[in-house]
Amino acid sequence: MLRVDNKSAIALTKNPVHHNRSKHIDIKYHFIRKCVKKGEVEIEKTTEIAEASKIAESSKSNVHSFACILGCSYSKSTKDAIPNQTLRGFNVIDTIKSAIEKDCPGVVSCADILALVARDSVAMVGGPSWVVRTGRQDGRISSASEASAQLPSPFASINQLKQNFAAKGLSVKDLVVLSGGHPLGNGCKQAHTIRIDHCFVIANRLYNFSGRGDTDPSLDPAFAAQLKTKCKPGDTTTVVDMDPGSPKLFDDNYYTVVARRGLFQSDAALLNDIQTRAYVTLQAATNGITFARDFGASMVKLGNVGVLTGSQGEIRKQCALVN
């Protein structure tokens, strides 16, 4: 069984006629048509691959980060943790897991699925790709309190962020790279370039920054006014784009807006350290000259955080439930 998400590709496996739109395809790729004709391969239309791009657009790539920190798995409790409440796409992961379990029961972990989908969903919205090592086990324990405790705060100072990343074996460069394109948690360092978050996370910054009903002076006044039209005091449900310039694309735009239009205090904190500030300045001035390459390298490192193998974990039958 070969699952394909592209109708045109499926049509090419059935249509023996060559025409202008397909003549550029190398002849060696037409062998699949022969396999289909002989009955050696069956083609099935699937939507899971296409849905991966929606995962990225709605912040799914963040899951790989917090999941690996917490033993590379997820459950209802970790999904319900406050930092992860804007995550979407778990149904897609569950659909993929169900299909894999049907063909290869007890072989592929949810942790590996998350890692692979994180990479592919980022690539599908214009981001880089990277090598993902497989063989992870799923965790046997998941809790909302652990998720909240492990993830950096959106209110964190640069020193707190550096300590948090260092505790995971990640460098200061990883901190500023993953801030711009991928995650280590919600109201903190995650896929800002393709990410949304709740108004309540930034409420104090807009309405009561120093406890006197004021707005954070480091936030661009025009941007603050724009946010206030969307986020009213006490609003706990509305979501806003972390990257107002290109919220559904993977790009370097984060570094051009972080100085005055970063949603979180932890964004502005990147300018309070010589190393992180230098990286922000470089990417903003060069249209992200090294960002994609750096991001892929940092994601490889992130993918090795908290990995469980052998008897340390299990292969879950359902990603949201411990066996």
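Now for a look at the structure at hand.

Definitions and limits used
Residues numbered from 1 in each chain as written. Predicted model: local features only at pLDDT ≥ 70, side-chain atom pairs only at ≥ 80, totals over all residues. Heavy atoms only, no water. Helix = DSSP H or I, 4+ residues; strand = E, 2+ residues; numbered from the N terminus. Areas by Shrake-Rupley, 256 points an atom, 1.4 Å probe, with all protein chains shown as cover. Axes fitted to C-alpha atoms, helices over the stretch in contact; angles between N-to-C directions. Parallel < 35°, antiparallel > 145°, perpendicular 65-115°, else oblique. Contact = heavy atoms within 4.5 Å. Nonpolar A, V, L, I, M, F, W, Y, C, P; charged D, E, K, R; others polar. Salt bridge = Lys/Arg side-chain N within 4 Å of Asp/Glu carboxyl O. Buried < 20%, exposed > 50% of the residue type's maximum accessible area, 1.4 Å probe, protein only. Left-handed = near helix turned anticlockwise from the far one by under 90°. 1 Å grid on protein atoms, 1.4 Å probe; cavity = no way out; pocket = protein on both sides within 12 Å on 5 of 7 lines; lining within 4 Å. Points joined across faces, edges and corners; volume = space filled by probe spheres on them. Core = buried A, V, L, I, M, F, W, Y, C linked by side-chain atoms within 4.5 Å. Disulfide = S-S within 2.5 Å.

**As for the overall build of the chain**
No. 1: When helices and strands are counted, the chain shows 16 helices and four strands.
No. 2: For the chain, the computed accessible surface area is about 15100 Å², with 55% contributed by carbon and sulfur atoms.

**A short note on the packing of helix H10 (residues 172-181) against helix H16 (residues 291-302)**
No. 1: Their axes nearest at 9 Å, the elements H10 and H16 cross at an angle of 110°. As summarised for this structure, H10 and H16 are arranged roughly perpendicular, according to the angle between their axes. Taken together, the residues of H16 that come into contact with H10 (itself represented by Lys 173, Asp 174, Val 177, Leu 178, Gly 180 and Gly 181) are Phe 291, Asp 294, Phe 295, Ser 298, Met 299, Lys 301 and Leu 302.
No. 2: Along the lines of polarity and charge, the residues of the contact of H10 with H16 split into six nonpolar, three polar and four charged.

**What about the pattern of salt bridges?**
No. 1: Applying the stated rule across the entire model yields eight salt bridges.
No. 2: Two residues, Asp 120 and Arg 119, come together in a salt bridge whose shortest N-O distance is 2.9 Å.
No. 3: Put simply, Asp 174 and Lys 301 hold a salt bridge, and the shortest N to O gap is 2.6 Å. With Asp 174 in helix H10 and Lys 301 in helix H16, this pair connects stretches of sequence that are 127 residues apart.
No. 4: On the basis of relative accessible area, Lys 301 is assigned to the partly exposed category, the value being 36%.

**Remarks on the packing of helix H6 (residues 90-103) against helix H7 (residues 110-124)**
The axes of two packed helices give the description: the angle between them and the distance between them.
No. 1: Contact geometry of H6 with H7 gives a least axis separation of 10 Å together with a crossing angle of 125°. Judged on the interaxial angle alone, H7 and H6 are oblique. Read as a crossing pair, H6 and H7 show a hand that is right-handed. Residues Ile 93, Ile 96, Lys 97 and Ile 100 of H6 pack against Cys 110, Ile 113, Leu 114 and Val 117 of H7.
No. 2: Split by residue class, the contact of H6 with H7 holds seven nonpolar, no polar and one charged.

**A look at empty space enclosed by the protein**
No. 1: Here the structure, examined in full by the defined rule, presents two cavities of 30 Å³ or more.
No. 2: In this structure, the largest cavity spans a volume of roughly 80 Å³.
No. 3: Lining the largest cavity are 11 residues, and of these Val 131, Val 132, Arg 136, Val 300 and Gly 303 sit closest to its centre.
No. 4: The residue inventory of the lining of the largest cavity, partitioned by class, reads six nonpolar, three polar and two charged.
No. 5: Counted as a void, the second largest cavity has a volume near 30 Å³.
No. 6: Lining the second largest cavity are Cys 199, Phe 200, Ala 203, Leu 206, Tyr 207, Cys 231, Lys 232, Pro 233 and Asp 235.
No. 7: The residue makeup of the lining of the second largest cavity, split by class, is seven nonpolar, no polar and two charged.

**Brief notes about the environment of Ile 202**
No. 1: As for its position among the elements, Ile 202 is in the loop between strand E3 (196-198) and helix H11 (203-207).
No. 2: Taking the C-alpha atoms as reference, Ile 202 lies 8.4 Å from Pro 154; in sequence the two are 48 residues apart.
No. 3: Other than its neighbours up to four places away in sequence, Ile 202 contacts Leu 227, Cys 231, Val 240, Leu 263 and Phe 264.

**Re the nonpolar core**
No. 1: In terms of nonpolar packing, the biggest core is built from 27 residues, with Val 176, Leu 178, Tyr 255, Leu 270, Phe 291 and Phe 295 touching the most fellow members.
No. 2: Elements that contribute at least two residues to this core include exactly H7, helix H9 (158-167), H10, helix H13 (253-261), helix H15 (274-285) and H16.
No. 3: Ranked by size, the runner-up nonpolar core spans 12 residues in total, among them Ile 202, Leu 206, Leu 219 and Ala 224.

**Re the state of the cysteines**
No. 1: A full pass over the atoms with the stated rule returns two disulfides.
No. 2: Each disulfide pairs two cysteine sulfurs, and for Cys 110 the partner residue is Cys 319, the sulfurs being separated by 2.1 Å. Since a negative S-S torsion denotes a left-handed disulfide, the Cys 110-Cys 319 link at about -100° is left-handed. Pair noted here: Cys 110 is in helix H7 and Cys 319 is in the segment after H16, with a separation of 209 residues, a long-range link. One exposure class covers both Cys 110 and Cys 319, and it is buried.
No. 3: The disulfide bridge from Cys 199 ends at Cys 231, spanning 1.9 Å between sulfur atoms. Disulfide Cys 199-Cys 231: torsion about the S-S bond near -65°, hence left-handed. Of the two residues, Cys 199 sits in the loop between E3 and H11 while Cys 231 sits in the loop between helix H12 (221-230) and strand E4 (239-241), which places them 32 residues apart along the sequence.

**Re the side chain of Asp 294**
No. 1: Tracing the backbone through its elements, the reader meets Asp 294 in helix H16.
No. 2: For Asp 294, the residues in contact, after removing those within four places along its chain, are Lys 173, Val 177, Tyr 279 and Gln 283.

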